[in-house]
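Spelled out, the chains give:
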Amino acid sequence: MNNMFKKLIKGGMGQLAIPLIAIALLVIFNLIRDPGFFFVGISHNNDGNIVLQGNLISIINGASELAVLAMGMTLVTAACGGQDISVGAAAAIAGSVLVKTLKSGPQITGGKVLLAFILACIVAMIFGSFNGTLVAVFKIQPMIATLILYTCGRSIAYWINGGATPTVSSPIISAIGSFIPGIPVPTPVLIVILMAIIFKLIFRFTSLELFTQSVGINGSAARLNGINSTFIKLLSFIILGVCVAVAGTIGVSRLGLINHETLLLDIEMDAILAVAIGGNSLGGGKFKISGSIIGAYVIQMLTITLYAMKVSSTDVKAYKALVIILLVVIGSPVFKDRFNKFVNRMRGDKKGISEKGAAKA
Amino acid sequence: MKKFSKILSVALASAMIIGLCACGSSTAPTTAADSSSDTAAVADTATDTATDTAADTAADTAADTAAAPAGDVIKVGVVNNPPSESGYREANVKDMEAVFSADNGYELKTYYSLKNDEQLQAAQGFITEGVDYLLISAAETTGWDEVLKKAQEAGIKVYLFDRMIDVDESLYEAAVVSDMAKEGETAVNWLLSQNLDTYNVIHIQGAMGSDAQIGRTGALDEQFASGKMNKVVQQTATWDEAEAKKIVESVINSGESFNVIYAENDGMAKGAVAALDDAGITHGVDGDVIVMGFDCNKWALRELKAGAWNYDGQCSPFQAQIISDLIKSGSAPSSKKIINEEKGFDATTITDADIDTYGLGE
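This is a predicted model, so every value here is computed, not measured.

S.K.: So what exactly am I meant to see when it comes to the packing of aromatic side chains here?
M.R.: Two measures describe an aromatic ring pair: the distance that separates the ring centres and the angle between the ring planes. Residues and elements named next belong to chain B. Scanning the entire structure with this criterion turns up 10 aromatic pairs over all chains. Residues tyrosine 133 and tyrosine 159 carry aromatic rings whose centres are separated by 6.2 Å and whose planes lie at 35° to one another, so their mutual orientation is tilted. With tyrosine 133 in strand S3 (residues 133-136) and tyrosine 159 in strand S4 (residues 157-162), this residue pair connects regions lying 26 residues apart in the sequence. One Lys or Arg, lysine 336, reaches over the ring of tyrosine 172 and ends 5.8 Å from the middle of that ring.

S.K.: Just to check I follow, could you spell out the sheet that holds strand S8 (residues 260-263) of chain B for this structure?
M.R.: Across a sheet, strands are paired by hydrogen bonds formed along the backbone, either parallel or antiparallel in direction. All names here are of chain B. Across the sheet, 6 strands lie side by side as S7-S6-S8-S9-S10-S12; this open sheet has mixed pairing. The two strands at the open ends of the sheet, each matched to only one other strand, are strand S7 (230-236) and strand S12 (344-346). Here the strands of the sheet are splayed against their neighbours by 15° on average, with no regard to which way each runs. With 3 bridges joining them, strand S10 (residues 311-313) and S12 adopt antiparallel strand pairing. From the neighbouring strand, glycine 313 faces S12, where its bridge partner is glycine 344. Contacting strand S6 (200-205), S7, S8 and strand S9 (290-294), helix H9 (residues 211-226) runs over the sheet at an angle of about 160° to S6.

S.K.: Would you explain the confidence of the model for chain A in this entry?
M.R.: Should pLDDT be low for a region, the predicted coordinates there are not to be read in detail. Mean pLDDT over chain A: 89, with 92% of residues reaching 70 or higher. Confidence over residues 357-361 of chain A falls short of pLDDT 50; this stretch has 0 contacts with residues more than four positions distant or in other chains.

S.K.: I keep staring at a negative patch on the surface and nothing clicks. Help me out?
M.R.: All names here are of chain B. A cluster of acidic residues, Asp145, Glu146, Glu153, Asp166, Asp168 and Glu169, forms a negative patch on the protein surface. Mapping aspartate 166 onto the fold places it in the loop between S4 and strand S5 (174-177). What makes aspartate 166 exposed here is its relative accessible area of 53%.

Parameters and conventions
Residues numbered from 1 in each chain as written. Chains lettered and ligands numbered in written order. Predicted model: local features only at pLDDT ≥ 70, side-chain atom pairs only at ≥ 80, totals over all residues. Heavy atoms only, no water. Phe/Tyr/Trp six-rings, centres within 6.5 Å; stacked < 30°, edge-to-face > 60°. Helix = DSSP H or I, 4+ residues; strand = E, 2+ residues; numbered from the N terminus. Lys NZ or Arg CZ within 6 Å of the ring centre and 35° of its normal. Pairing = 2+ DSSP bridges. Axes fitted to C-alpha atoms, helices over the stretch in contact; angles between N-to-C directions. Contact = heavy atoms within 4.5 Å. pLDDT = per-residue confidence, 0-100. Patch = residues over 30% accessible without salt bridge, like charges linked within 9 Å, V, L, I, M, F, W, Y side chains within 5 Å. Areas by Shrake-Rupley, 256 points an atom, 1.4 Å probe, with all protein chains shown as cover. Salt bridge = Lys/Arg side-chain N within 4 Å of Asp/Glu carboxyl O. Lys, Arg positive; Asp, Glu negative; His and termini not counted. Charge placed at Lys NZ, Arg CZ, Asp CG, Glu CD. Buried < 20%, exposed > 50% of the residue type's maximum accessible area, 1.4 Å probe, protein only.

What follows is the structure, given as structure tokens:
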């Protein structure tokens, strides 16, 4: 037991310790507050499908867009040592492209949805490579480079929409956004699992993970070792572009509506937070995508908990900030260092005392 | 190092240019006018506002007024926010262009900006150009004193529409505005007329502090205070559809019962309905939960017609006809503040004609 705990702190799980502890604390807190909080029920939705329902489902379903974005954000963070703050605006653009394509003809067929999604992906990847070029080729600070798209992205989305809030209604869209008939798990959750598997496979069969880490730790050293660091950085932004398109598609499909002003608003900050809570260094280098995914669920669980406690949603952000300050400080290297020193001193003192005792005797 | 900073500065400069280009193209209909403070460019914007049909009417206006005799037409200068601001503004701009058309004996000049100082400059331009009437929907409530005084000296009559300005009443003829509080009252009165045994209300608010939120919340808060209606939850979703869905979801998960959803705009009502659909709770006419929205988007009115929602309150962008009537009557309006009559639509009585006439957007 003690060994396992040590392993958890110092071994490979070390990075995941903070987000896992955070989730455990939130679960315990909720169970004390309301033992039925995590109860999952089965009911029929208005389309007559059997669906799962409950706070737990709300949490893992609601965090889907955030989880997908956090995966891509982790990669960008690791490679570039900076973050993309334009993901929300870019998702609005991708969503607008999706809706525009879907509305281009009278009928919405499966093939058309696929085409629309591919188009949305391509557009998001183009914007991703725009950001990536500024960062990788022109060596601009990622936050400054992506500030451009952050500022004008939603205007571009408006321009694509050409009006207020276009709506689309189709069984296929609602299958993506809520439930596929016959499957009681919300589809966005399945999409997150699919994306996680894809990332896992990419890391398993390519050297992307290793290359990204080495570029993040020391770009020049990586280049001297034959890794094209410019390309790796650019690639991370393009992969994030795919994540953005997926998140935008989920967001639009949930309600069958694109509102360029509110779609995934402020999600970039949550995505960066998810990366940070996941124990990844925001300065680049070593990373764990699983940490960021857990981080996303921590953020969503926090939000749902606060809603369940009927905290006014204007105050939710403030409470969220408090918890996050705590998490980030505990996760910081300085704190860890001091904590370790403190633990060592305690041990050392004990040793000292016992030695003294021995000497007396 | 020097070389690096040189490269960086070039990169930054080019990034800025790229950024500008991207922004410029995205908001072409509006920002085309942004850089222009001279009056010639202001006149151009009438044809620049390429919002579907609006472009045609505006082009017609320009062509017709050139041929029309100078003395007969009434010159109207409109300073407004750009149509890209919202579906409301888009309808507002189209309405202005339709009512103050050459066919109705007007020569229309328009200027659209979200920035107060640019609006002020444009208004000044209209005054020197010598319009007969100046119509203003200001970006900000302050800073208009000097310009309106100049207009008065020049004998130009000023009408405010949609938004009030902090100036002395004598400086303008009348203000034609929406009364958000009245919108709330109309909606709440409709809700009371449903004669439910109990009212357990989920109240989803807009961005806190906005005019629409304060107005639409007021009437409902009175009912909560008097005990006539029970507040199940009152939360702001800041106009965000997805947030509204989460709020309703958390109430459903808590197992509390409710039978009314009062959302302060259409999008949030749609989000709330999505949560009901997922949980298998019926809504609308013959449903367990009454759904109420605001703004009268066309798609929302269609939901109403289909019986999925119960009520949609109007926030009317159609002030042009009222102002036109005032101008043509020639007499001073009876009151300085004219409230634009706004309707509320009931799912059981709404018609297709209503959707066409009052619906916003597509």
